[in-house]
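These are the residues of each chain, in order.
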Amino acid sequence: MNENVTIFTHPLIQHKLSILRDKNTSSKDFRALVHEIAMLMCYEATRDLPLEEVEIETPICKTTAKHISGKKLAVVPILRAGLGMVDAISELIPSVRIGHIGLYRDEETLKPVEYYCKLPKDISERDVIVVDPMLATGGSAIDAVSQIKLRNPRSIRFMGIIAAPEGIEAFTKAHPDVKIYCAALDEKLNEVGYIVPGLGDAGDRIFGTK
Ligand code: PRP
Ligand code: URA
């Protein structure tokens, strides 16, 4: 496995992912599970944030304690499905700024078509987490990260839920400097570009548009 790729095997994540994949899971439960998985993944994917000592005063005495060291973060969901992962991250990191990149896959060519991009003004001072539940051909994530790189952020990491081997290969080739965090590496893409076994169309399942 590529050293830039981390698959989270935590039992809570894997259990929730099994329910997420089930075709009988309702949109309401699907949204809740994406939120819960994103929160658990964010906890793991931010393990390497540096800490610094700060002086505080408890009701008992002065002491030193640890704060996350001056790090400024931004989360950038790839619309639409990435939106399902944003609230979980902003609940854990309330100071996070949120950008948006709108992309959809052309159903024939499977190439991403960009329709929106709005990023925080100070993104060059921030570490960015790009989120999208699905990394299929990798085209959307590759394009989103290329757009963000034009604005020179301090670092970028990608957090998805399910990846296909084809997407991992294309993404790590295009962006070897960007770490990928996922909950599952599935078997393959089918003839119409869906991840097998996957979970179907993430955007449609989150927003109930099928
Ligand atoms: C899905 C998914 C990713 C993309 C992954 O979005 O949320 O953005 O496909 O596929 P790729 O790796 O082959 O690019 P979709 O294009 O269906 O748009 P939507 O979220 O608006 O439904
Ligand atoms: N986008 C999805 O939502 N699902 C897939 O399986 C592939 C791309």
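Keep in mind it's a predicted model, so treat the numbers as computed, not measured.

(A) Highlighting the overall build of the protein chain. For the protein chain, the count of helices and strands is 6 helices and 15 strands. For the protein chain, the C-alpha radius of gyration of 18 Å lies close to 17 Å, the compact-globule estimate for 210 residues. Overall, the protein chain is about 65 × 40 × 35 Å in size when its C-alpha atoms are taken along their principal axes. Burial statistics for the protein chain: of 210 residues in total, 45% are counted as buried. Put simply, 64% of the contacts in the protein chain that link residues at least 6 apart link residues at least 24 apart.

(B) Fine view of the environment of Asp-48. The residue Asp-48 is located in the loop between α2 (27-45) and β2 (51-57) in this model. Classification of Asp-48 as partly exposed rests on a relative accessible area of 47%. Engagement of the side chain of Asp-48 in a polar contact is seen with the side chain of Arg-157, the distance being 3.1 Å.

(C) Quick peek at the nonpolar core. Judged by nonpolar contacts, the single largest core of 38 residues is most densely connected at Leu-17, Leu-20, Met-41, Val-131, Met-159, Ile-161 and Ile-162. Elements with a contribution of two residues or more to this core: α1 (11-21), α2, β4 (73-79), α3 (86-92), β8 (127-131) and α6 (202-207). No other element matches the 8 residues that α2 contributes to this core. Each residue touching Ile-161, except ones within four places of it in the same chain, is listed here: Leu-17, Leu-20, Val-34, Ile-37, Met-41, Met-85, Asp-132, Pro-133, Cys-182, Ala-183 and Ala-184. Core analysis: the next-biggest nonpolar cluster, separate from the first, contains 24 residues, Leu-119, Leu-135, Phe-158 and Cys-182 among them.

Conventions used here
- Residues numbered from 1 in each chain as written.
- Chains lettered and ligands numbered in written order.
- Predicted model: local features only at pLDDT ≥ 70, side-chain atom pairs only at ≥ 80, totals over all residues.
- Heavy atoms only, no water.
- Helix = DSSP H or I, 4+ residues; strand = E, 2+ residues; numbered from the N terminus.
- Rg over C-alpha atoms; globule rule 2.2 N^0.38 Å.
- Buried < 20%, exposed > 50% of the residue type's maximum accessible area, 1.4 Å probe, protein only.
- Contact = heavy atoms within 4.5 Å.
- Polar contact = N/O pair within 3.5 Å; in protein donor to acceptor, adjacent residues only side chain to side chain.
- Core = buried A, V, L, I, M, F, W, Y, C linked by side-chain atoms within 4.5 Å.

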